[in-house]
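Residues per chain are reported as follows:
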Amino acid sequence: MLGTMQDWPLLVWKLIDHAATFHGDREVVSLTCEGVRHRSDWRTVRGRARQVAEALRHMGIVPGDRVATLAWNTYRHVESWYGISGMGGVAHTINPRLFDDQIVYIANHAEDRVLFFDLTFVKLVERLAPRFTTIEHYVLLTDRAHMPADTTLDIICYEDFIAGESADAPWTELDEKAPAGLCYTSGTTGNPKGVQYSHRSNVLHAMAASMTDTFGMGARTTVLPIAPMYHANAWSMPYTAAACGAKLVLNGPNFDAPTLQELIVSEDVDLALAVPTVWLSMLQHLEANGGNLGKLERTAIGGSAVPRSMIESFDRLHGVRVLQLWGMTEMSPLGTVGSPSPHVHAMTYDEQLDYRIKQGRGIFGVEMKIVGDDGAELVRDGKAFGRLLVRGPWIVESYFKGDGGQVLDADGWFDTGDVATLCPLGYMQIVDRSKDVIKSGGEWISSIDLENAAVGAPGVAEAAVIGIHHPKWDERPLLLVRQKDGATVTKDTVLAYLDGKIAKWWTPDEVLVVDELPHTATGKLLKTELRERYKDYRFPGA
Ligand code: ADP
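Keep in mind the model is a prediction, meaning the values are calculated, not measured.

Definitions and limits used
- Residues numbered from 1 in each chain as written.
- Predicted model: local features only at pLDDT ≥ 70, side-chain atom pairs only at ≥ 80, totals over all residues.
- Heavy atoms only, no water.
- Axes fitted to C-alpha atoms, helices over the stretch in contact; angles between N-to-C directions.
- Helix = DSSP H or I, 4+ residues; strand = E, 2+ residues; numbered from the N terminus.
- Parallel < 35°, antiparallel > 145°, perpendicular 65-115°, else oblique.
- Left-handed = near helix turned anticlockwise from the far one by under 90°.
- Contact = heavy atoms within 4.5 Å.
- Nonpolar A, V, L, I, M, F, W, Y, C, P; charged D, E, K, R; others polar.
- Domains from an automatic or database assignment.
- Buried area = accessible area lost by both parts, 1.4 Å probe.
- Salt bridge = Lys/Arg side-chain N within 4 Å of Asp/Glu carboxyl O.
- Near = heavy atom within 4 Å.
- Polar contact = N/O pair within 3.5 Å; in protein donor to acceptor, adjacent residues only side chain to side chain.
- Areas by Shrake-Rupley, 256 points an atom, 1.4 Å probe, with all protein chains shown as cover.
- Phe/Tyr/Trp six-rings, centres within 6.5 Å; stacked < 30°, edge-to-face > 60°.
- Buried < 20%, exposed > 50% of the residue type's maximum accessible area, 1.4 Å probe, protein only.
- Lys NZ or Arg CZ within 6 Å of the ring centre and 35° of its normal.
- Core = buried A, V, L, I, M, F, W, Y, C linked by side-chain atoms within 4.5 Å.
- Pairing = 2+ DSSP bridges.

Draft legend 1. Structural view of the packing of helix H2 (residues 42–59) against helix H3 (residues 75–86). One way to put it is that H2 packs onto H3 with a least axis distance of 7 Å and a crossing angle of 50°. In this view, H2 runs oblique relative to H3, as classed from their interaxial angle. In this structure, the crossing between H2 and H3 has a hand that is right-handed. Each of Val45, Arg48, Ala49, Val52, Ala53, Leu56 and Arg57 in H2 lies in contact with H3, whose residues at this interface are Tyr75, Arg76, Val78, Glu79, Ser80, Tyr82, Gly83, Ile84 and Gly86. Of the residues in the contact of H2 with H3, the class split is nine nonpolar, three polar and four charged.

Pasting the structure below:
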């Protein structure tokens, strides 16, 4: 016997239909690649997304086809997203910060038929087009006035592409399990693998993202997702903002602190989401130049661990509350958010910080457990740590085209590749990525904890820790720091700062001041590259 309620498939176009119907005038504001600030609203974006859907049908695209985007967060990218999946296509977001070879691999592997791209990427696309094996059409996300005069490509102008189509063109009725989007992991090891989101997974994830203890969003929220749409759905913001009727502010190709600050202030942004590196630049900019963050109440920060010093700076200097979150491409991406539980809320500020530096509590829809090397579940006492496994309706079941084979265990758990603790109050804390943890004398040292401590040292802009072979201890930590402009950082100043803040035996055996640190295409420290650079390094005297 079944329940007797309506079968209303969870399709992503229903999110924007809702926004257009109940919040039609709510704004969608973008900084654009043409260098202007564009103002639209959900009703208009929905109409133009339907035009995109119809134009794709007329082009011969059919449900299940992959349509790629190589684009910043702008209203045209949002329209394209909804338009592609609204006609049954799969919106394949490509990260433009990847290397040429990776972009070519990804587009060919996905068998993309169309590529929507921004003005910023004309040269990139010209360079790569001869190597794309399946792309039939190139659509430039701009208007006629901004079309490049001389290009080797046969390019369709986006505004011309949709111009003749109806803003009332129908959406395609689909099975809610049909694919809606595709995003490849960064592939720091091996080839990138595709995660194919379904309509259902995206809608459930979007609803969970708006909950009070997740991002607490509603129709009065003005949200700025600096997290890009090409990386794990911009943490669902183009979907969640539509579901709530929030005002959506998009920063286009701009990631510099002055532009972001001006945007936050002038558009009355109260929630902004980004990785720690973006906020580090913002804090440094505010420290150097003064200024404020207007009505910003909260920042959601994830992708890498959030240092304690960042949480304190936002609180004390700017009255902005940091919400740490953890997730991954394979999880759409949300897994945990660090909103305070009643117990934590009742603590003193310093006690609260001990919890706020953790990655957060699981949100409804995400099951988590930690296991030891033998696969047995470990206790949730905040001390025992092991591999973090997850399960839920917006977590990957298998990679696109079956790459990587079976990725779930017999009970359906997915191994995140992270090592973590779980505590009695429900908070999860990442100890490290399993491949980054430093094994010293049979004990583990968390590179993340060391980096977070070191980044608080005077003059340090960024810190990275890797394990270096040691004849006695197996591995010991090497700390690499990049200093702030004009600062003078030495091994002694850093070690003096760390003294008392970390366990004695965690003290790095060496501290090197470097000019730059390598990053992945998603802005994380590229540990594989660092390990390669320092593979022959030996500690003095070791
Ligand atoms: P990639 O950079 O590999 O494409 P993701 O963006 O999917 O991948 O990265 C997911 C990983 O990022 C997680 O498995 C975890 O190691 C790390 N991560 C994400 N959020 C946090 C956080 N708040 N603290 C520490 N690590 C995090």
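Past the structure itself, the notes keep going.
Draft legend 2. Broad picture of the domain arrangement of the protein. Domain parsing of the protein yields domain 1 (8–21 + 34–199) and domain 2 (435–533). Here the C-alpha centroids of domain 1 and domain 2 sit 40 Å apart. If you look at the interface, domain 1 gives six residues, while domain 2 gives six residues. Carbon and sulfur atoms make up 67% of the surface buried where domain 1 meets domain 2, a total of about 440 Å² over both sides. If you look at where domain 1 meets domain 2, you find zero salt bridges.

Draft legend 3. Representation of unusual backbone geometry. With omega at 15°, the peptide bond leading from Ser332 into Pro333 counts as cis. Structurally, the position occupied by Pro333 is in the loop between strand S14 (321–327) and strand S15 (334–337). The residue Ala234 is not glycine, and still its phi comes out positive at about 50°. Looking at the element boundaries, Ala234 is found in the loop between strand S10 (222–225) and helix H8 (237–244).

Draft legend 4. Structural context of the site of the ligand. Taken together, 16 residues lie around the ligand, and Ser186, Leu325, Thr329, Asp418 and Lys524 are the ones closest in. His231 is positioned with one of its side-chain polar atoms (N or O) 3.0 Å from an oxygen atom of the ligand. Measuring from a nitrogen atom of the ligand, one finds a side-chain N or O atom of Gln324 at 2.9 Å. Protein chains bury 94% of the 570 Å² of accessible surface belonging to the ligand in isolation. Broken down by element, the residue count for the shell around the ligand peaks at four residues, all from S14.

Draft legend 5. Broad picture of the packing of aromatic side chains. The tally for this structure, following the rule as stated, stands at 15 aromatic pairs. Ring geometry for Phe116 versus Tyr158: centroids 6.3 Å apart, planes at 70°, classification edge-to-face. Taken as a pair, Phe116 in strand S5 (residues 114–117) and Tyr158 in helix H6 (residues 158–163) lie far apart in primary sequence, 42 residues in all. By relative accessible area, Phe116 is classed as buried at 0%. Residue classification places Tyr158 among the buried residues on the basis of a relative accessible area of 0%. An angle of 85° between the planes, with centres 5.7 Å apart, marks the rings of Tyr537 and Phe539 as edge-to-face. We note that Tyr537, like Phe539, is buried. An aromatic cluster is built from Trp72, Phe121, Tyr230 and Phe255, whose rings are joined through pairwise contacts. One cation-aromatic arrangement involves Lys14 over Trp8; the distance from NZ or CZ to the ring centre is 4.0 Å.

Draft legend 6. Geometry of the pattern of salt bridges. Scanning the model with the defined rule gives 40 salt bridges in all. Glu262 serves as the salt-bridge partner of Arg37, at 2.6 Å between the closest nitrogen and oxygen. On the criterion of sequence distance, the pair formed by Arg37 in strand S2 (residues 37–41) and Glu262 in helix H9 (residues 257–266) is long-range, its members being 225 residues apart. Take Arg37: its relative accessible area is 31%, and that puts it in the partly exposed class. A relative accessible area of 39% means that Glu262 is categorised as partly exposed. The residue Arg533 makes a salt bridge to Glu529 at a minimum N-O spacing of 2.9 Å. Residue Arg533 and its partner Glu529 are located together in helix H16 (residues 527–533), separated by four residues, close to a single helical turn.

Draft legend 7. Up close: the nonpolar core. Ranked by internal contacts, the top residues of the largest apolar core, which has 115 residues, are Leu56, Phe116, Phe215 and Trp279. When residues in this core are grouped by element, the largest group, eight residues, is from H2. Once residues within four sequence positions are removed from consideration, Phe116 is found in contact with Val52, Leu56, Val67, Ala68, Thr69, Leu70, Ser80, Ile84, Val139, Leu141, Tyr158 and Phe161. Judged by nonpolar contacts, the second largest core, of 32 residues, contains Ala68, Ile106, Ala107 and Ala521.

Draft legend 8. Highlighting the pairing of strand S20 (residues 427–433). Taking burial as the measure, the seven residues of S20 include six buried ones, the bulk of the element. The pairing of strand S16 (residues 360–362) with S20 spans two bridges and is antiparallel. Counterpart to Gly360 in the pairing with S20 is Met428. Sheet topology note: the strand S19 (residues 414–422)/S20 ladder contains five bridges and is antiparallel. Counted as the bridge partner of Ala420 is Ile430 from S20. In sequence, S19 turns back onto S20 through a hairpin of four residues, with Gly426 there showing a positive phi of about 95°.

Draft legend 9. Main features of the sheet that holds strand S9 (residues 194–198). Reading across from one edge, S7-S6-S5-S3-S4-S8-S9 is the order of the seven strands in this open sheet, with mixed pairing throughout. Where the open sheet ends on each side, the last strands, each with one partner, are strand S7 (155–157) and S9. Strand-to-strand, the axes of this sheet are offset by a mean angle of 25°, without reference to chain direction. Strand direction decides the pairing type here: S5 and strand S6 (residues 137–140), joined by four bridges, are parallel.

Draft legend 10. How the structure looks around the packing of helix H10 (residues 276–289) against helix H11 (residues 308–318). At their nearest, the axes of H10 and H11 sit 11 Å apart, and the two run at 40° to each other. The angle between H10 and H11 falls in the class oblique. You can see that H10 and H11 cross each other, and the crossing is left-handed. Mapping the contact onto sequence places Pro276, Trp279, Leu280, Leu283 and Leu286 in H10 and Met310, Ser313, Phe314 and His318 in H11. When grouped by side-chain class, the residues that make up the contact of H10 with H11 number seven nonpolar, two polar and no charged.

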